[in-house]
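Residue strings, one per chain:
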Amino acid sequence: MSSVEELLRDAAMGRVGVDRRLLREILAQPDAARGVVAFAQNPGDGHRLDVTPLLVDLFRHFRPEEALDFYVDVIRGSPEEVSDDTIEAILPFGEKAIDPLVALYHELGEEQGTDLAFLLAGLHVRDPRILALLLERLEYDAADGAFALGIYGDLAARAELEKMLSGIPEEDAELRRELKHALDQLSGAPPKYEPETFDIFKEYPERELPAFDLLPEAERLELLKSEDAATRAGAAHSFFNTTLNAKSREALLAVARQDSEAKVRACAWESLADTTDNAAIRDEMVAILNDQTRPIEERGGAAVGLYGVADQANVRPGIEKLYEIPEGRVNALEAMWRSLVPGFAKYFAPHLEDRDPKIVREALRGAGYFELSAQIDKIAKYFDAEPPFHRLREDALFAYALAMPGATTRGRVRGMLRKLDSITPLNDLETELVEFALDERLRLHGLEPVFGVEEEEQGEQGEPETQSPPAPKKVGRNDPCPCGSGKKYKKCHGA
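Rules used in this analysis
Residues numbered from 1 in each chain as written. Predicted model: local features only at pLDDT ≥ 70, side-chain atom pairs only at ≥ 80, totals over all residues. Heavy atoms only, no water. Helix = DSSP H or I, 4+ residues; strand = E, 2+ residues; numbered from the N terminus. Buried < 20%, exposed > 50% of the residue type's maximum accessible area, 1.4 Å probe, protein only. Areas by Shrake-Rupley, 256 points an atom, 1.4 Å probe, with all protein chains shown as cover. Core = buried A, V, L, I, M, F, W, Y, C linked by side-chain atoms within 4.5 Å. Contact = heavy atoms within 4.5 Å. Phe/Tyr/Trp six-rings, centres within 6.5 Å; stacked < 30°, edge-to-face > 60°. Axes fitted to C-alpha atoms, helices over the stretch in contact; angles between N-to-C directions. Parallel < 35°, antiparallel > 145°, perpendicular 65-115°, else oblique. Left-handed = near helix turned anticlockwise from the far one by under 90°. Nonpolar A, V, L, I, M, F, W, Y, C, P; charged D, E, K, R; others polar.

Chemist: Teacher, can you tell me more about the overall build of the protein chain here?
Modeler: Check the secondary structure of the protein chain and you find 26 helices and 0 strands. For the protein chain, the spread of C-alpha atoms along the principal axes amounts to about 85 × 60 × 45 Å. Within the span of the protein chain, comprising 495 residues, buried residues form 46% of the whole. For the protein chain, the exposed surface amounts to about 25400 Å²; the carbon and sulfur share of it is 48%.

Chemist: Explain unusual backbone geometry to me, please; I cannot follow it from the model alone.
Modeler: Generally, phi is negative for residues other than glycine and the peptide bonds are trans, each holding for most cases. Geometrically, the link from P387 to P388 is a cis peptide bond, its omega value of 10° lying close to zero. Note on placement: P388 falls in the loop between α22 (376-380) and α23 (393-403). One non-glycine residue, R63, lies in positive phi territory at about 50°. Among the secondary structure elements, R63 is positioned in the loop between α4 (52-62) and α5 (67-77). Under the relative-accessibility criterion, R63 is labelled exposed at 69%. Phi is positive for L340, close to 60°, though the residue is something other than glycine. With respect to the helices and strands, the residue L340 is situated in the loop between α20 (329-339) and α21 (357-369). Look at L340 and you get partly exposed, because its relative accessible area is 36%.

Chemist: Explanation requested: the nonpolar core in the structure shown.
Modeler: Inside soluble globular proteins, nonpolar side chains tend to come together where they are buried. Ranked by size, the top nonpolar core spans 79 residues in total, and within it I319, L364 and I379 carry the most contacts. Counting residues per element, this core draws most heavily on α23, at 8 residues. Once you skip the residues sitting within four places of it in the chain, I319 turns out to touch L289, A303, A310, A332, A335, M336 and F344. Judged by nonpolar contacts, the second largest core, of 70 residues, contains V72, L120, L134 and A157.

Chemist: Help me understand the packing of aromatic side chains in this model?
Modeler: Centre-to-centre distance and the angle between the planes together describe a pair of aromatic rings. Overall, the coordinates contain 13 aromatic pairs when judged by the stated rule. For the pair Y71 and F93, a centre-to-centre distance of 6.2 Å together with 70° between the ring planes defines the contact as edge-to-face. Taken together, the positions of Y71 in helix α5 and F93 in the loop between α6 (84-90) and α7 (98-108) put the pair 22 residues apart, joining distant regions of the chain. What makes F93 partly exposed here is its relative accessible area of 25%. Judged by centre distance (6.1 Å) and plane angle (40°), the rings of Y369 and F398 are tilted. Highlighted residues: Y369 in helix α21 and F398 in helix α23, separated in sequence by 29 residues. This pair shows no difference in class: Y369 is buried, exactly as F398 is.

Chemist: Would you mind showing me how to read the packing of helix α17 (residues 279-290) against helix α18 (residues 296-305) here?
Modeler: Between α17 and α18, the shortest axis-to-axis distance is 8 Å and the interhelical angle comes to 135°. One element, α17, and the other, α18, form an angle in the oblique class. In the crossing of α17 with α18, the sense of the turn from one axis to the other is left-handed. Residues M285, I288 and L289 of α17 form the contact with α18, whose own contacting residues are E298, R299, A302, A303 and G305. Taken together, the residues that form the contact of α17 with α18 break down as 5 nonpolar, 1 polar and 2 charged.

Chemist: What is the right way to read α23 from this model?
Modeler: Residues three or four positions apart in an α-helix share a direction because the helix packs 3.6 residues into each turn. Counting buried residues along α23, 10 of its 11 residues qualify, which places the element largely inside the surrounding structure. All of the buried residues in α23 are R393, D395, A396, L397, F398, A399, Y400, A401, L402 and A403. Where α23 is buried, its residues touch α21, α22, α24 (413-423) and α25 (428-444).

Chemist: Looking at this structure, how should I read helix α8 (residues 114-122)?
Modeler: With 8 of 9 residues buried, α8 lies mostly within the body of the structure. When α8 is considered as a whole, its buried residues turn out to be D115, L116, A117, F118, L119, L120, A121 and G122. As for α8, its buried residues are in contact with α5, α6, α7, α9 (128-140) and α10 (142-152). Where α8 terminates, the next one or two residues include H124, which has phi positive at roughly 55°.

Chemist: Is there a simple way to think about the packing of α4 against α5 in this case?
Modeler: When two helices pack together, you describe them by how their axes are tilted relative to each other and by the distance separating the axes. Remark: α4 packs on α5, axes separated minimally by 10 Å, with the N-to-C direction vectors making an angle of 155°. Classified by the angle between their axes, α4 and α5 sit roughly antiparallel to one another. In the crossing of α4 with α5, the sense of the turn from one axis to the other is left-handed. Note on element contacts: α5 touches α4 through A67, F70, Y71 and V74, opposite T52, L55, V56, F59 and R60. Its residues placed into classes, the contact of α4 with α5 shows 7 nonpolar, 1 polar and 1 charged.

Laid out in structure tokens, this is it:
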């Protein structure tokens, strides 16, 4: 059995998924808490994945003596983006947390102290140092200081809040509202803190595959030999749409021919799409596609792998026959839109209102790539669809950008972006997605991209290239409030 430190290192390197299986393996070890502390104190270098959230949860579960120092170090590393989980882990320490948090606040300074002030206020421990710090914050940033003082709830802040309010003109209605709200919250007696029961398993999936996109080729090839079929399938699929060298090609061929699981073989055949210029491999894939004794899943993988030669006489009929089989339709439709063979365009419109979200996803891709402008209203229905279609928004945006009516020219794509944003407001990640789709549209028409070129030019000029953070699974305190106020969640409905 691997040690706790080895397990955590594998997670940090992306070799294992961060899931309940990993947690159970860690928690089952007799000296697990000590192993977690040892890893946190000496994590090593070169990590591909930030496992800080996992460590926060493990410290919260085990509650070792070193926990408070660890949390303070976590905040020191990212003082302006303190997670809800870190805050919830510190609050039970109450008075014990004051000294290190106040010291850290003064170490970092007022500019980086917003979340620390919020955390100190949330302790609800009456201490002159906290009150002084929050009153100083009121002078530094009136709205932020009032917000924290309202949470702190100490009547001793009333005079300063009233003084501040008296000097704010009536036209600054928002700041006056913040100050009045803080005054309303003052009560004198701090509320008693009731910690919530912490379930370390709650926020983790039962199964999470390794972070294949972070792993080098050699490690992904090694995972093709895993005892777990899902891991082998994920490792095989990680080579899809990449240029294969001889070693990877031979490894994938061996998996495609010999693996005991149809799903794994299917993923290997898909990833061999790069090799269809090799007649022997292509013929083998065609034979799989057309062999009715083979599992549908494996035939589907071969179909996707053959998308680059889907117009050939011995391939196209096999894909169309696979389409007629309900279990094979998803793969058939994927092979069709990837192929861009014009004769396949007719297959997508009928499935834009299918009951199966997986089918609809492929139909959206096909409607986009074949520029089915007549279906644009059906595509738009998935911008804000109800379950089980609620996860198709990005697919619909991509398809809409490809199929949007209008001439495709480099001069018009900016207007297309603005139009789509006016129909359904786009966040930063969605804007990047639509820009990529519009560049793809230009490429399909033999034109140079617009948005990607700008990014390359910025990089050449030495300007910092920014990348939006992944969309959060739940609203964090530093995210925009879902109510649309424009404020951070922690200063609005998250208060």
